[in-house]
Amino acid sequence: MPLRPLEHLLCPLDQYPLHRDGKTWRCSKNHCYDIAKQGYVNLLPVQNKKSLDPGDSQIMIAARRHFLDSGAYDPLASALANTVNELASEHDELAILDAGCGEGYYLNTVCNSLLNTNAELALTATGLDISKWAVRATRSRNSGINGLVASNRQIPLPDNSQDILLCTFGFPVFSEFQRVLKPGGHIVMVDPGAEHLIELRQQIYEEIRRSPPASLAAGINTEWHISSESSLSFSTPELSAELFEQLLIMTPHLYRASKAGRERAAKLDQLALTADVCIRVISHQV
Ligand SMILES: C[S@@+](CC[C@H](N)C(=O)[O-])C[C@H]1O[C@@H](n2cnc3c(N)ncnc32)[C@H](O)[C@@H]1O
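Keep in mind that what you see is a predicted model, and the values were worked out from it rather than measured.

Undergrad: An account of the overall build of the protein is requested, with residue identities and associated values reported.
TA: The helix and strand tally for the protein stands at nine helices and 12 strands. For 286 residues, the compact-globule estimate of 2.2 N^0.38 gives 19 Å, and the protein sits close to it at 19 Å. Taking the principal axes of its C-alpha atoms as reference, the protein extends roughly 55 × 40 × 35 Å. Every one of the 286 residues in the protein was classed for burial, and the buried ones make up 51%. Residue pairs at least 24 apart in sequence account for 69% of intrachain contacts in the protein once pairs closer than 6 positions are excluded. Carbon and sulfur atoms make up 50% of the accessible area of the protein, which totals about 13700 Å². When the 26 positive and 32 negative side-chain charges of the protein are each reduced to one mean point, those points stand 8 Å apart.

Undergrad: I'd like to hear about the layout of surface pockets, residue by residue, with values.
TA: The computed volume of the second largest pocket comes to approximately 320 Å³. As for the second largest pocket, its lining consists of 16 residues, of which H8, E93, A95, T124 and S161 are closest to the centre. Of all the secondary-structure elements, those providing two or more residues to the lining of the second largest pocket are β6 (93-99), β7 (122-129) and β9 (162-168). Tallying contributions element by element places β6 first for the lining of the second largest pocket, with three residues. In the lining of the second largest pocket, the residues fall into seven nonpolar, four polar and five charged.

Undergrad: Mind laying out the state of the cysteines, listing which residues take part and the relevant values?
TA: The tally for this structure, following the rule as stated, stands at zero disulfides. Of all cysteine sulfurs in the structure, the one in C111 sits closest to C101, which takes part in no disulfide; the separation is 11 Å.

Undergrad: Please provide a residue-by-residue account of the site of the ligand, values included.
TA: Surrounding the ligand, one finds 17 residues, the nearest of these being D56, G100, D129, N152 and T168. In the model, an oxygen atom of the ligand is placed 2.9 Å from a nitrogen or oxygen of the D56 main chain. One of the side-chain N or O atoms of R64 is found 3.2 Å from an oxygen atom in the ligand. Burial of the ligand by the protein chains amounts to 90% of its free accessible area of 600 Å². In the shell around the ligand, the residues fall into seven nonpolar, seven polar and three charged.

Each value, and the rule that gives it
Residues numbered from 1 in each chain as written. Predicted model: local features only at pLDDT ≥ 70, side-chain atom pairs only at ≥ 80, totals over all residues. Heavy atoms only, no water. Helix = DSSP H or I, 4+ residues; strand = E, 2+ residues; numbered from the N terminus. Rg over C-alpha atoms; globule rule 2.2 N^0.38 Å. Buried < 20%, exposed > 50% of the residue type's maximum accessible area, 1.4 Å probe, protein only. Contact = heavy atoms within 4.5 Å. Areas by Shrake-Rupley, 256 points an atom, 1.4 Å probe, with all protein chains shown as cover. Lys, Arg positive; Asp, Glu negative; His and termini not counted. Charge placed at Lys NZ, Arg CZ, Asp CG, Glu CD. 1 Å grid on protein atoms, 1.4 Å probe; cavity = no way out; pocket = protein on both sides within 12 Å on 5 of 7 lines; lining within 4 Å. Points joined across faces, edges and corners; volume = space filled by probe spheres on them. Nonpolar A, V, L, I, M, F, W, Y, C, P; charged D, E, K, R; others polar. Disulfide = S-S within 2.5 Å. Near = heavy atom within 4 Å. Polar contact = N/O pair within 3.5 Å; in protein donor to acceptor, adjacent residues only side chain to side chain.

Printed below as a string of C-alpha cells:
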C-alpha cells in the first residue's frame, strides 16, 4: 500500500488548522505556505529562524547520505526497524514522525520494514527537520514520506495525531513530542553510548570523555515511562579515507577537533569503528 499524504497541519503563526488548497496550505487567517516542487512544505516562519539556513547544511546532508548509503550503520537501522515493528504490531493504521529526520535513511528503512511486515498497513510517515536540505534529501529517498521543514520546538502537527515518534541522534523537545503523540503513543530515541566512535575520538581529541547517554528523567512527565532500553554495539566495516571524511563532515567532531587532531583524522584509512548506541522507548501509559 502506498504511503499516505498528511491531511492535517497547523499554521506556525497562529496554530490554526491549515487546509490544503491545490499546491498551497492555508489557514483561516489566510497565512499561506506553498508546497515546494520537491513536494515538501516549509513551515518555519522567518521570525522563528535563528539563521538564514538553519540546521545541517547542504554539504553535511550530502556527507550523511554518502556515509549512511555505505551500509556502515545498517545494523542500527535494522534494530530500529525491529523496535518499531514490535510497537506497531497491533496497528492497521499508523502515523509515524521522524523529528530531526536528517536525510531520511532511518525513516525510510523503518517504513520499508513496516510495509514488508504488513503490506496492508495504512501508513502515514512524516520527516521533519529544521534543515530544508535534510527534508529535500528525505523526499528524494522516498517521495511517499511527507516532508516538513519545521523545528522540534514547534511541531506543526495537531495534538494526539501521531502513534510513534523517532528521534535518532537528535534534539528532543519532550513537551512537543508528548503533545503530538496519541494516548498510548511511543517515542523511540537513539543516542550515542560511551564507546561510540571511540577509535575516531581517540585520534582527534587530546582528552576523551566516555559519557553515558543523557538521562531522560527530567524531560518526560509522569504519564510517560521508559518501557524499554537496550544497548547495541557493533563494528563497522573498515572505512575508507573517503568515508572518514564524510563521517567527520556530518558530525560536530570536525569542528571540535584540534588542528593536530584534524591532521591525524585526515590520515585515517581502512579502519573499523565501534558503533555503540542506546535505543530507548518512552511510552505513554493509558
Ligand atoms: C545529528 S543529525 C541526525 C539526523 C538523523 N536523525 C540521523 O540520525 O541520520 C541532527 C538533525 O537534526 C536537525 N535539527 C537540528 N535542530 C533541530 C530542531 N530544532 N528541530 C528539528 N530538527 C533539528 C539537523 O538539521 C539534523 O538534520
